[in-house]
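Coordinate inspection notes
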Amino acid sequence: MLFNLLAPLADQFAVFNLFRYLTFRTGGATLTALLVAFVLGPRLISWLKAKQGKGQPIRSDGPKTHLSKQGTPTMGGFLILIGLVVSVLLWADLSSGYVWAVTSVTLGFGLIGFADDYLKVSKVNPKGVPGKLKLLLEVLVASGAVVWIVAITTPEHSTALAIPFFKDLLIQLGWFFIPVAVFVIVGAGNAVNLTDGLDGLAIVPVMIAAGAFGIIVYLVGNFRFADYLQIHHVAGAGELAVFCGALVGAGLGFLWFNAPPAMVFMGDTGSLALGGALGAIAVAVKHELVLAIVGGLFVLETVSVVVQVISFKLTGKRVFRMAPLHHHFEQKGWPEPTVVIRFWIISVVLALVGLATLKLR
């Protein structure tokens, strides 16, 4: 909004020229989202606590140490979404179709997550929305966004899949690209959801991935940088750097209240929305496979659940003491802060590896 209102004045007043710079607006988006989260956080948490009473139900089959978390309010994802959306509306170029496509996925998945959280809290039941219905809604939202992204992307790249480490290699998938892209978005949303099991565990890897993709979208959206690095230039995608900056700022603000011991949980309202946002960004800039590297922690958590379920159904034995993976290490005796910080370190390493693919191509 600020960009659309003030950038045209740059020709007359030099001070407004700053609003033409993507880097300036990305920094502004980060700080704005952070401040919104700081200001609204205490009031929102108090309101959620008053409305929810007992807070998020704790799984009876989970680690016993988690029983002490009973009473902590959930739906803290609202704090992230408010800061994110306000910041994007203020600092992004609202004529960008990519910004609206990614924002629609974020809010759509957030609404699905809210419905799930609401049922869990109101019915005092950790199951929430039935799994099949939840998945169907996610697929519908993701499908609409993917069709939108395909429509606004140049024909050369619209339905192509880029392969990391190989220069200029594009695999044209045709309309098969749509289910692949939907899988990326839905998979990312649910992977972050599975990771959100310890205080501060999910939000920091999300911020790390958002920061990495902020760099990627800036480079992909800039023709000169894309040409130098020999990566695929996606015209207009650079505007998503503002979205990534806002996501980092909102995440930092939320972490202030989610740091151990958490004052609030993000719930599915936040985890589904953030994962869906990362997936949509990756699809928009043709770095779907790089997301699997940058967000490798989320992949590991998801794979641990899949392996555990398959192993138990086929052999009756469990590979891990408990799934997802972070619970396995808790059961081995690792203190919760140790698990969280070590997983953060893994996320940083994987993000650096993902960024390295830009130059190694």
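Just so it is clear, the structure is predicted and the values come from calculations on it, not from any experiment. (Residues numbered from 1 in each chain as written. Predicted model: local features only at pLDDT ≥ 70, side-chain atom pairs only at ≥ 80, totals over all residues. Heavy atoms only, no water.)

1. Brief notes about the environment of A142
As for its position among the elements, A142 is in helix α5 (residues 131-152). What makes A142 buried here is its relative accessible area of 0%. With 134 residues separating them along the chain, A142 and G276 place their C-alpha atoms 8.1 Å apart. Sequence-distant contacts of A142, defined by excluding residues within four places in its chain, comprise F109, V182, I185 and V186. (Helix = DSSP H or I, 4+ residues; strand = E, 2+ residues; numbered from the N terminus. Buried < 20%, exposed > 50% of the residue type's maximum accessible area, 1.4 Å probe, protein only. Contact = heavy atoms within 4.5 Å.)

2. Examining the packing of helix α10 (residues 240-258) against helix α11 (residues 267-284)
In contact at an axis separation of 12 Å, α10 and α11 are set at 155° when each is read in the N-to-C sense. Accordingly, the angle class assigned to the pair α10 and α11 is roughly antiparallel. The two elements α10 and α11 cross, and the hand of that crossing is left-handed. Together, L240, F243, C244 and L247 of α10 and L274, A277, L278, I281 and A284 of α11 make up the contact between the two elements. (Axes fitted to C-alpha atoms, helices over the stretch in contact; angles between N-to-C directions. Parallel < 35°, antiparallel > 145°, perpendicular 65-115°, else oblique. Left-handed = near helix turned anticlockwise from the far one by under 90°.)

3. Some thoughts on the pattern of salt bridges
Considering all chains together, one arrives at 6 salt bridges under this definition. D116 is the partner of K120 in a salt bridge, and the nearest nitrogen-oxygen pair spans 3.0 Å. Here K120 pairs with D116, and both are found in helix α4 (residues 97-122), just 4 residues apart, close to one helical turn. With respect to burial, K120 and D116 carry one shared label: buried. One salt bridge in this structure joins K134 and D268, with 2.6 Å as the shortest N-O distance. One end of the pair, K134, is in helix α5; the other, D268, is in helix α11, and 134 residues separate them in sequence. The two residues K134 and D268 agree in class, both being buried. (Salt bridge = Lys/Arg side-chain N within 4 Å of Asp/Glu carboxyl O.)

4. Some words on the packing of α4 against α5
Helices that pack against each other are described as a pair by the angle of their axes relative to one another and the distance between those axes. Remark: α4 packs on α5, axes separated minimally by 9 Å, with the N-to-C direction vectors making an angle of 175°. Comparing the axis directions of α4 and α5 gives the class roughly antiparallel. For the pair α4 and α5, contact is made by G97, Y98, W100, A101, S104, V105, G108, F109, I112 and D116 and by K134, L137, E138, V141, A142, A145, W148, I149 and I152, respectively. For the contact of α4 with α5, the per-class residue count stands at 13 nonpolar, 3 polar and 3 charged. (Nonpolar A, V, L, I, M, F, W, Y, C, P; charged D, E, K, R; others polar.)

5. Describing the layout of surface pockets
Considering only enclosed or pocket space, the second largest pocket measures out at about 480 Å³ in volume. Forming the walls of the second largest pocket are 19 residues, and the residues nearest its centre are F183, V184, G187, A188 and V299. Listing elements by their share of the lining of the second largest pocket, those giving two or more residues are α7 (177-195), α12 (288-294) and α13 (296-315). Residues belonging to the lining of the second largest pocket are distributed by class as follows: 15 nonpolar, 3 polar and 1 charged. (1 Å grid on protein atoms, 1.4 Å probe; cavity = no way out; pocket = protein on both sides within 12 Å on 5 of 7 lines; lining within 4 Å. Points joined across faces, edges and corners; volume = space filled by probe spheres on them.)

6. Details of the nonpolar core
Grouped together as the largest cluster of nonpolar side chains are 85 residues, with contacts concentrated most on F213 and L240. When sequence neighbours within four positions are dropped, the list of residues in contact with L240 reads Y98, V99, V102, V217, A284 and V285. Core analysis: the second largest hydrophobic core is formed by 9 residues, L201, F320, L325 and V339 among them. (Core = buried A, V, L, I, M, F, W, Y, C linked by side-chain atoms within 4.5 Å.)

Note that every value here comes from positions in space, so none of it alone points to a role or purpose.
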